[in-house]
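Report on the structure
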Amino acid sequence: MSRPETDPRHLALEILLRVERGGYADLTLDEILRRHPHIDPRDRGLLTELVYGVLRRRGRLDYVLARQCRKPLARLEEKVLQILRIGVYQLLELKRIPDAAAVNTSVNLAKRLGLQRAAGFINGVLRGLLRTQPELQWPDPGAQHLSFLVHACSLPEWLARSWLDAHGFDTARRLAEAQLQPAPLSVRCNTLVQSPEAFGQLASSLGLSWSRCRFASEGFQFESRRAFELLPAGSFQPQDEASMLVAHLLQPEPGETLLDACAAPGGKTTHLAALGGNRLEIHALDLHPARVELIRRGAERLGCRGIRARVWDMTRKPDWLASGSLDAVLVDAPCTGLGVLRRNPEIRWRRRAGDPARMAELQRILLDRAAELVRPGGRLLYSVCTTTPEETVQVVDRFAAAHPDFVLEDLRPLFPDWASLFDQQGRLATWPGHPELDGFFAARFRRIP
């Protein structure tokens, strides 16, 4: 039995409470695991499962809880509600955990935290669910489209409406159900130190099971997080396959000078350096000093040269760069992040209906500032890890209308092997056609000579 300070349910509760107060699940989980380096691997796995599972499926869990609790969930003490969610998640989703263990560990956790008065309530709710679970009915997907997406697929109502309007029910359901699954453990092989073939051989020699990504030539997927522990730190960069496509779209050439306008934490910056064979000059900017330090550390770890990381607010023109002086600029803009719900599940509960339009205003400003720096004949690539019309096609259309000296390029002839990833205008749009990828959008402009 785990000690109280390393009990995975106790730690999961701590993380969920911190996420509820504004923390990020991945960063908080990493911090907790560093604090407890000797935690049993099985407990590490259960902890990760509980945190991400509860965040992904919170809508489903609350739908069930609302039918078991006599008082509204909003009136429950925060710790009590999170303990109930952890318990219900185990009962509904983790069949390897006996029902009695899921109930008893939840009750004991409450008692350990001094919530004796709530322990009986928690026990009653969870045991009530066990009695009524065979009769549990979800909204009818044939007739109650919105309710099904909200309660069975765990989407906030505003996002469910948006996906229904954009894609219709069948596709919206397919996208929503894909986001309930764990994200694949994907990495980008660092081609500055070895070829993908050599990287695969190295992984096999370490006893790791892997497969190649479908689209990204440097991409690998692993079955176990042991890969992150066994592979040399400088040989890979954790990165979703869709994210790996972005740097390719800029097509950097050795000897060019580039700008990565919103670069942190640096995955795309270091990818650009690798594609340019370490023969690029890359200005990598971010607003926050701590995140700029992440870029520097990542570049050093991966052996990337020519990256000049700097703190800068790109809503202002960089005063040390001359107008029209850069060969290419990447604007991987801040966005609502609704394309990466598998990896950052807390995002779905933080975003609101007005956020896409608000973010689009910032994205427009960033694109305008970046455009000033592109030389005649140079490239400007806009990318976001979201799928809302406001932040994707509408931003691009507004930019094109305001900048007649830039032309939108059709990327399909340049990347024929990725034909299914582009829309009818030749812009990258990994959704809805490929829900197994993160939802990315990218469009490339060329400044007219």
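Residues numbered from 1 in each chain as written. Predicted model: local features only at pLDDT ≥ 70, side-chain atom pairs only at ≥ 80, totals over all residues. Heavy atoms only, no water.

Using the following cut-off: UniProt positions are given in the numbering used here, feature names are shortened, and annotations may be inferred rather than shown by experiment.
Named according to an unreviewed UniProt entry, the chain is 16S rRNA (cytosine(967)-C(5))-methyltransferase originating from Geothermobacter ehrlichii. As its UniProt record puts it under Sequence similarities (unreviewed entry), the chain is described as follows: "Belongs to the class I-like SAM-binding methyltransferase superfamily. RsmB/NOP family."

**Description of the domain arrangement of the chain**
Short version of the rule: Domain start and stop positions are those given by an automatic or database domain assignment. A contact between two residues is defined here by any heavy atoms of the two lying within 4.5 Å. Buried area adds together the accessible area that both of two parts lose upon being put together, with accessible area traced by a 1.4 Å probe.
Each assigned domain of the chain is listed here: domain 1 (4-135), domain 2 (148-178), domain 3 (190-231) and domain 4 (241-447). Each of domain 1 and domain 2 has a C-alpha centre, and the two are 25 Å apart. Taken residue by residue, the interface counts 6 residues in domain 1 and 5 residues in domain 2. Summed over both sides, the interface of domain 1 with domain 2 buries roughly 360 Å², with 47% coming from carbon and sulfur. It is Gly59, Arg60 and Tyr63 in domain 1 that bury the most area against domain 2; as a group they hold 85% of the surface buried on that side.

**Observations regarding the environment of Arg297**
To keep things clear, this is the line we draw: Helix and strand labels come from DSSP, where a helix needs a run of H or I of at least four residues and a strand needs a run of E of at least two; each type is numbered from the N terminus. Only protein chains enter the accessibility calculation, which uses a 1.4 Å probe. A residue is then buried if its area is under 20% of the maximum for its type, exposed if over 50%, and partly exposed in between.
Locating Arg297 in the fold gives a position in helix H15 (residues 289-302). Classification of Arg297 by relative accessible area gives partly exposed; the value is 47%. In sequence terms Arg297 and Pro265 are 32 residues apart; their C-alpha atoms lie 9.5 Å from each other.

**Digging into the pairing of strand S8 (residues 326-332)**
Cut-off, in case you're wondering: When DSSP finds at least two bridges between two strands, those strands are taken to pair.
Among the 7 residues that make up S8, 7 are buried, leaving the element largely enclosed by the rest of the structure. In this structure, strand S5 (residues 257-260) lies alongside S8, joined through 3 bridges in parallel fashion. Residue pairing in the sheet places Leu258 in a bridge with Ala328 of S8. Pairing geometry for S8 and strand S9 (residues 374-384), over 6 bridges, is parallel. By the bridge assignment, Leu330 is partnered in S9 with Leu381.

**Structural notes on the environment of Ala333**
Along the polypeptide, Ala333 turns up in the loop between S8 and helix H16 (347-350). Ala333 gets classed as buried once you look at its relative accessible area, which sits at 6%. Separated by 101 residues in sequence, Ala333 and His434 place their C-alpha atoms 22 Å apart. Once you skip the residues sitting within four places of it in the chain, Ala333 turns out to touch Cys262, Gln363, Leu366, Tyr382, Ser383 and Val384.

**Structural notes on the packing of helix H3 (residues 41-56) against helix H5 (residues 78-93)**
This is how it is decided: Axis lines are fitted through C-alpha atoms, for helices just across the contact stretch, and the angle between N-to-C directions can take any value from 0 to 180 degrees. Oblique is the label for any angle not under 35 degrees, not over 145, and not in the 65 to 115 range, which are roughly parallel, roughly antiparallel and roughly perpendicular in turn. Ten residues, namely Ala, Val, Leu, Ile, Met, Phe, Trp, Tyr, Cys and Pro, are considered nonpolar, four, namely Asp, Glu, Lys and Arg, are considered charged, and the remaining ones, Gly among them, are considered polar.
Where H3 contacts H5, the two axes come as close as 10 Å, and the packing angle between them is 100°. Classified by the angle between their axes, H3 and H5 sit roughly perpendicular to one another. On H5, the residues that touch Glu49, Leu50, Gly53 and Val54 of H3 are Gln82, Arg85, Ile86, Tyr89 and Gln90. Partitioned by chemical class, the residues of the contact of H3 with H5 number 4 nonpolar, 3 polar and 2 charged.

**Let's talk about helix H9 (residues 157-167)**
Inspection of H9 places Trp158, Leu159, Ala160, Trp163 and Leu164 among the buried residues, and these make up the whole buried set. Of the surrounding elements, those touching the buried residues of H9 are helix H8 (145-152), helix H10 (169-178) and helix H17 (355-371). Taken from the residues just after H9, Gly168 is the one with a positive phi, measuring 80°.

**Some details on the nonpolar core**
Note the threshold: In plain words, nonpolar cores are sets of buried Ala, Val, Leu, Ile, Met, Phe, Trp, Tyr and Cys residues tied together by side-chain atoms within 4.5 Å.
Within the largest apolar cluster, 56 residues are counted, with the highest numbers of intra-cluster contacts made by Leu149, Trp163, Leu249, Ile307, Trp418 and Leu428. Per-element accounting of this core gives the leading share, 7 residues, to helix H13 (residues 241-250). Residues lining this core come from more than one domain, with at least three contributed by each of domain 2 (148-178) and domain 4 (241-447). Residue contacts for Ile307: discarding those within four places in its chain leaves Thr269, Thr270, Ala273, Ile282, Ala284, Ile295 and Ala299. Grouped together as the second largest cluster of nonpolar side chains are 48 residues, Leu13, Leu16, Leu61 and Leu94 included.

**A closer look at the UniProt feature "active site" (unreviewed entry) in the chain**
Residues given the UniProt feature "active site" (unreviewed entry) here are Cys385. Structurally, Cys385 is set in the loop between S9 and helix H18 (393-402).

**With respect to the pattern of salt bridges**
Going by this rule: For this analysis, a salt bridge means a side-chain nitrogen from Lys or Arg found within 4 Å of a carboxyl oxygen belonging to Asp or Glu.
Summed over the entire model, instances satisfying the criterion amount to 34 salt bridges. Taken together, the shared-partner salt bridges connect Glu14, Arg18, Glu31 and Arg35 into one network.

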